Amino acid sequence: GVTIGSAAGVSQSVTFLYDDDIATVTLSVGDSSINEKVGTTSTLVTATLSAVSAKAVTVPLSKGGTATETADYTLNGTVTISAGSLSAFVTLSAKDDTPLDEVDETVLITIAAVTNGTATGTPQTVTIVDGDDEPTVTLSVGAASINEKTGTTSTKVTATLSAVSSMVVTVTLV
């Protein structure tokens, strides 16, 4: 034990040495696949410490993948774990970019430079599943009748999509 007293006119101080190991930080996601329109449209991105820290731990997130932030999803760029806590989270939410039919997209989340801790673990990937219907194709022809030998020998066939698509649409005529 330590006994601290004071004599007349003499002050004493005690210095405590904080020598605990620096906590490591890992990332996890609640759902690795979320939907653009219905059902599960968001997931938690959680930063977890290996041990409780006496200091707040700031975990900046780096975002990549095929999805575009603000157009396809929203995600706060920093997780702050309060002193005395083991974890904290932010929410990744998909955005509906109706009516664009597109392929599923991914968000790759990694830890950038941590304050009061060190990064460990693997990056996390969340897939945003497109919720838009595939467009339908309507065919129309110019001349309803053509002649094999003379006069109108050809006609224009036009394919029209019911909605915009970010993918190549191929129509095979048989």
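Computed from a predicted model, the values in this text were never measured in an experiment.

K.L.:
What exactly am I supposed to notice about the sheet that holds strand β2 (residues 33–35) here?
P.N.:
Two pairing modes exist for strands in a sheet, parallel and antiparallel, and in both the strands are linked by backbone hydrogen bonds. Taken in spatial order, the five strands make up an open sheet running β2-β10-β8-β4-β6, and their pairing is mixed. The open sheet terminates on both sides in strands that have one partner only, identified here as β2 and β6 (78–81). Pairs of neighbouring strands in the sheet enclose a mean axial angle of 25°, with direction left out of account. Across four bridges, the pairing between strand β4 (residues 57–64) and β6 is antiparallel.

K.L.:
Honestly, the sheet that holds strand β5 (residues 73–74) in this entry has me stumped. Any pointers?
P.N.:
In space, the five strands of this open sheet follow the order β5-β7-β3-β1-β9, with mixed pairing throughout. Edge positions in the open sheet fall to β5 and β9 (118–119), since each of these has one partner strand only. For strand β3 (residues 42–49) and strand β7 (residues 87–94), the ladder comprises seven bridges, and the chain directions are antiparallel. Across the sheet, residue V45 finds its bridge partner in β7, namely V90.

About the criteria used
- Residues numbered from 1 in each chain as written.
- Predicted model: local features only at pLDDT ≥ 70, side-chain atom pairs only at ≥ 80, totals over all residues.
- Heavy atoms only, no water.
- Pairing = 2+ DSSP bridges.
- Helix = DSSP H or I, 4+ residues; strand = E, 2+ residues; numbered from the N terminus.
- Axes fitted to C-alpha atoms, helices over the stretch in contact; angles between N-to-C directions.

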